[in-house]
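Observations on the model geometry
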Amino acid sequence: MLVVRAVEDIPEQGIKKDDRFQFYVVDAHHHMGKEKGHRNSPSGAYDFYALLWFELQRMVKDQLEGDLLLFEPIEVVPPELPSRLFSSRASWARMNHGWLVDRTIVFPYTDDYSKSDSPDTPSFRVSNDKIAGWTTRAPHSTRLIGFGRVDPKDSLSGSPDRPVKEIKRAVKVLGLRGLKLHPLAQLFVDEIDSDYMRKIMKCAGDLGIPVIMDTRNTRTVLRIQDLVNSMRGSKKYEKTLTQLSIILAHCGMSPGDPRLYEVLRDPVFYGETSTLHGKDVPILFQMAHERMGAPGVQWSEKLLFGTDYSFLSVQAAEIILHLISRDFKGTLGDIQRIIGGNALTLAQTPFRTDNGVKRQPKTVVYEKCEPTVTQELEESIISLLNNGWNMSSLDLMIPPRHTWPNIQSLERGGYNGIHLDSYVMTLHPKNGGTEFHVWVRMNPAGLLSCTVLGTKGTLVLDTAEFAAQRLGQELSEKIRADARPMRTPQELASSVLDMLS
Ligand SMILES: [Zn+2]
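First things first, this report covers the structure right here in the doc. Because the structure is predicted, anything quoted here is derived from the model rather than measured.

Section: the overall build of the chain
Summing up its helical and strand segments, the chain has 15 helices and 19 strands in all. Here the C-alpha radius of gyration of the chain, 22 Å, is about what a compact globule of 501 residues would show, namely 23 Å. By residue count, 59% of the 501 residues in the chain fall in the buried class. Of the contacts made within the chain by residues no fewer than 6 positions apart, 75% connect residues no fewer than 24 positions apart. Summed over its atoms, the accessible surface of the chain is roughly 20,000 Å², and 50% of this surface lies on carbon and sulfur atoms. Each charge sign in the chain was given a centre, from 60 positive and 61 negative side chains, and these centres are 5 Å apart.

Here's what the structure looks like:
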């Protein structure tokens, strides 16, 4: 998390000089694997973020001298639970750094091994396996969110359903949570508005996963819009379109083009900021603010921070510096949405695969919970990881869509929308046992509740959004009726372990 300090009073936002704020940062565009000279893995990502912080600090000096910044970056602090998990084992502790970025959406390169060698095997199969291997195992599963990749043109040779089958496998078997498509690299720029692409979009929308699509220019953006428009008005795609989100990667290639913002006003579309640099940085945010600031349209919900590492490197620092500069027209809440909130809203449905069972939820509660009690519970769950269990994901709870708050100063608690003390962990025994959700939440009155749920059937957790109304009625009643009060931290920790067995 990035901590910044106000360099002066900002009365219109109720901010005093020296008030500090912390942003939870998500990189929505990051490659892992191997493509010619490029090679990256989780530890490479964390090293890169450490370098990015170094670069940011270097650039800050000049910017402060020129009086360009409204907030000064002062430090990087890790979110407590993921960082504690990293430090729980010597071989992981080496990677407990680079916390300028807290969570990363990761997908394959056009890897050296992405080409299929038979008409039945989809392209990117090995690449997707590798992404899942990195992103769904502790400790990296607490920092990385994996997206799969396919070659849509696989539809034109071999079995026509290859891409769709691979998307389903990536999501349901591997636990990947989104899809990356690259029209230039996979040579379908001229066929974006095609039947095989409609099939792929239907598949993604029906699965409820976001699609990030590489765009090099406005022409590509408009073709993607044509594709979506061609699906409108048809019964077949009605449900698909209510769930489909398309993130336009490198959306700021021509930030002065008003047509980009017309597309971004469409509820399906979002834009990601990598490749933006120099004078184009303020233009994108200014134009977005002007063109999408109409009542009812929250312009800052439509842009996502991304780095495109390792194709691009520290130029992402320019975006962060612009967001905290005098030129940026938004609020701290706008910054938090752009720099991390929007990506979580799109990609962070609680992790699950087909490896779940129906199961009655069980709940324990602990009143007047002190931080030491939560820590004891977390320690005992972390210790499971040394005893035959894996954590496939750690999803912090976030506000429901369109309700992201303005953020509080650290002096007032530092709440920035991310619930650092309320989260969903996906756990499963490494010997192939089924997966569970362990859902821990803290209410403002200090009531901790911990529910262990199955990941199939009707009594499951469908969202990481922290809101009672987003829970199924049956599930909330069940939790309320069955909750057992715990008297000591030890009893709490051991009951949670019992509920997992
Ligand atoms: Zn990329």
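On we go.
Describing the pairing of strand S10 (residues 211–214)
Here S10 shows two buried faces, one formed by Val211 and Met213 and the other by Ile212 and Asp214. Pairing of strand S9 (residues 179–181) with S10 involves 3 bridges; the strand directions are parallel. Across the sheet, Leu181 pairs through a bridge with Met213, a residue of S10. Handedness of the S9-helix H6 (residues 195–207)-S10 crossover: right-handed. Note: S10 against strand S11 (residues 246–249), 4 bridges, orientation parallel. By the bridge assignment for S11, Met213 is matched with Leu248.

Regarding the coordination of the zinc ion
Around the zinc ion, the protein contributes the donor atoms His29 (NE2), His31 (NE2) and Asp308 (OD), at 2.1 to 2.3 Å from the metal centre. Each donor residue of the zinc ion belongs to the same chain, and together they define the spacing H-x1-H-x276-D. Note on accessibility: His29 and His31 belong to one class, buried.

Regarding the side chain of Thr215
Within the element layout of this structure, Thr215 appears in the loop between S10 and helix H7 (218–231). Here the side chain of Thr215 touches Ala249 through a polar contact of 2.6 Å, landing on its backbone oxygen. Those residues in contact with Thr215 that lie beyond four places of it in its chain are Thr220, Val221, Ile224, Leu248, Ala249, His250, Cys251 and Met253.

Some points on the packing of helix H10 (residues 280–292) against helix H11 (residues 316–323)
Between H10 and H11, the least distance of the axes is 10 Å, while the angle of their chain directions is 50°. Between H10 and H11, the interaxial angle falls into the category oblique. For the pair H10 and H11, the crossing hand works out as right-handed. Facing H10, whose interface residues are Val281, Pro282 and Phe285, H11 presents Glu318, Ile319, His322 and Leu323. The residue inventory of the contact of H10 with H11, partitioned by class, reads 5 nonpolar, 1 polar and 1 charged.

Looking at the nonpolar core
Counting residues in hydrophobic clusters, the biggest one holds 143 residues, and the most contacted among them are Phe23, Phe71, Leu181, Met201, Ile246, Leu248 and Phe285. The element best represented in this core is helix H1 (residues 42–65), accounting for 9 residues. Ignoring any residue separated from it by four or fewer positions in sequence, one finds Phe23 in contact with Met1, Leu2, Val4, Asp102, Ile324, Leu332, Ile335, Gln336, Ile339, Ile407 and Asn416. Listed in part, the 9 residues of the second largest apolar core include Val424, Leu453, Leu459 and Leu461.

As for the sheet that holds strand S4 (residues 38–40)
Taken in spatial order, the 4 strands make up an open sheet running S4-S3-S6-S7, and their pairing is mixed. Each edge of the open sheet carries a strand with a single partner, namely S4 and strand S7 (144–146). In this sheet, neighbouring strand axes are inclined to one another by 45° on average, regardless of whether the strands run parallel or antiparallel. Alignment of strand S3 (residues 26–35) against S4, held across 3 bridges, turns out to be antiparallel. Note that in S4 the partner of Glu35 across the bridge is His38.

Notes on helix H13 (residues 371–384)
Taking 1.5 Å of rise per residue, 14 residues should cover 20 Å, and H13 covers 20 Å from first to last C-alpha, within 8% of that figure. Residues Val373, Thr374, Leu377, Glu378, Ser380, Ile381, Ile382 and Leu384 constitute the buried set of H13.

Calculation notes
Residues numbered from 1 in each chain as written. Predicted model: local features only at pLDDT ≥ 70, side-chain atom pairs only at ≥ 80, totals over all residues. Heavy atoms only, no water. Helix = DSSP H or I, 4+ residues; strand = E, 2+ residues; numbered from the N terminus. Rg over C-alpha atoms; globule rule 2.2 N^0.38 Å. Buried < 20%, exposed > 50% of the residue type's maximum accessible area, 1.4 Å probe, protein only. Contact = heavy atoms within 4.5 Å. Areas by Shrake-Rupley, 256 points an atom, 1.4 Å probe, with all protein chains shown as cover. Lys, Arg positive; Asp, Glu negative; His and termini not counted. Charge placed at Lys NZ, Arg CZ, Asp CG, Glu CD. Pairing = 2+ DSSP bridges. Right-handed = clockwise from strand over helix to strand, strands pointing away. Donors = N, O, S within 2.8 Å, 3.2 Å for Na, K, Ca; no water. Polar contact = N/O pair within 3.5 Å; in protein donor to acceptor, adjacent residues only side chain to side chain. Axes fitted to C-alpha atoms, helices over the stretch in contact; angles between N-to-C directions. Parallel < 35°, antiparallel > 145°, perpendicular 65-115°, else oblique. Left-handed = near helix turned anticlockwise from the far one by under 90°. Nonpolar A, V, L, I, M, F, W, Y, C, P; charged D, E, K, R; others polar. Core = buried A, V, L, I, M, F, W, Y, C linked by side-chain atoms within 4.5 Å. Expected span 1.5 Å × (residues − 1).

Geometric values such as these leave the question of function open.
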